[in-house]
Amino acid sequence: EHSPPEVAIFGDDSYKILENRDYWEFNGGEIQINYQLTPSTFTRLHYTSTDFDPEIGPSRPGFIAVFKDDRVAQHSGGLLIEQTLTPQWSVSFTAYYQSELRWEDGDDFDAITRIDTQLSYRFNLGSASGKIRFVAQNIGDEYSEFNDNNVFGTRFFISAQMDFPD
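About the criteria used
- Residues numbered from 1 in each chain as written.
- Predicted model: local features only at pLDDT ≥ 70, side-chain atom pairs only at ≥ 80, totals over all residues.
- Heavy atoms only, no water.
- Helix = DSSP H or I, 4+ residues; strand = E, 2+ residues; numbered from the N terminus.
- Buried < 20%, exposed > 50% of the residue type's maximum accessible area, 1.4 Å probe, protein only.
- Contact = heavy atoms within 4.5 Å.
- Areas by Shrake-Rupley, 256 points an atom, 1.4 Å probe, with all protein chains shown as cover.
- Salt bridge = Lys/Arg side-chain N within 4 Å of Asp/Glu carboxyl O.
- Phe/Tyr/Trp six-rings, centres within 6.5 Å; stacked < 30°, edge-to-face > 60°.

A. Geometry of the overall build of the protein chain. Scanning the protein chain from N- to C-terminus turns up zero helices and 11 strands. Among the 166 residues that make up the protein chain, the fraction classed as buried is 22%. Sequence-distant contacts in the protein chain: of pairs separated by 6 or more residues, those separated by 24 or more amount to 48%. By element, 54% of the accessible surface of the protein chain is carried by carbon and sulfur atoms, the whole surface being about 11,800 Å².

Spelled out as structure tokens, the structure:
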């Protein structure tokens, strides 16, 4: 039979106490601007600024305080431009940006910029309407999320959507 130690040691496989004696304060703001440049050109710009301040409670002998002030990207944002080519066809480009961060239980990452594009075709089938999208995600350099093994290169896919009347 196992008897708990006087002080739990982080990483001890036989006994562990997890305490949440801390609190976090988030400050920041978000802005999103949608603008119809022309009857056939739509744009959306968004930006988020986050200041994440953890407050760590008093430490006890044998416990490890983990500071998490870099676990949230301080800056992120994006720009979407969509151009309607015909009533059925449209093309769009989206650029995303995220500043550096350290994932919880993951790795440290530098800032990333990702560019996506899609070609959409809208159609009607009887009383239903639909859309087929041809998508290319992350055109450009590879990037990682969460840990170094999650590497994302350029991805291509097709999606289909049907909307049926009630």
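B. Summary view of the pattern of salt bridges. Scanning the model with the defined rule gives one salt bridge in all. Close ionic contact of Arg114 with Asp116 constitutes a salt bridge, the shortest N to O distance being 2.5 Å.

C. Structural context of the packing of aromatic side chains. Under the definition given, this model contains two aromatic pairs. Judged by centre distance (4.8 Å) and plane angle (50°), the rings of Trp89 and Tyr121 are tilted. Here Tyr121 lies in strand β7 (residues 112-125) and Trp89 lies in strand β4 (residues 89-98), a separation of 32 residues in the sequence. We classify Tyr121 as partly exposed; its relative accessible area is 28%. Plain terms: the ring middles of Tyr121 and Phe123 are 6.1 Å apart, the flat faces sit at 15° to each other, and that makes the pair stacked.

D. Region of interest: the environment of Gly77. Residue position: Gly77 is located in strand β3 (residues 75-84). As for Gly77 and Ser49, which are separated by 28 residues in sequence, their C-alpha atoms are 8.8 Å apart. Each residue touching Gly77, except ones within four places of it in the same chain, is listed here: His46, Tyr47, Ala95, Tyr96 and Tyr97.

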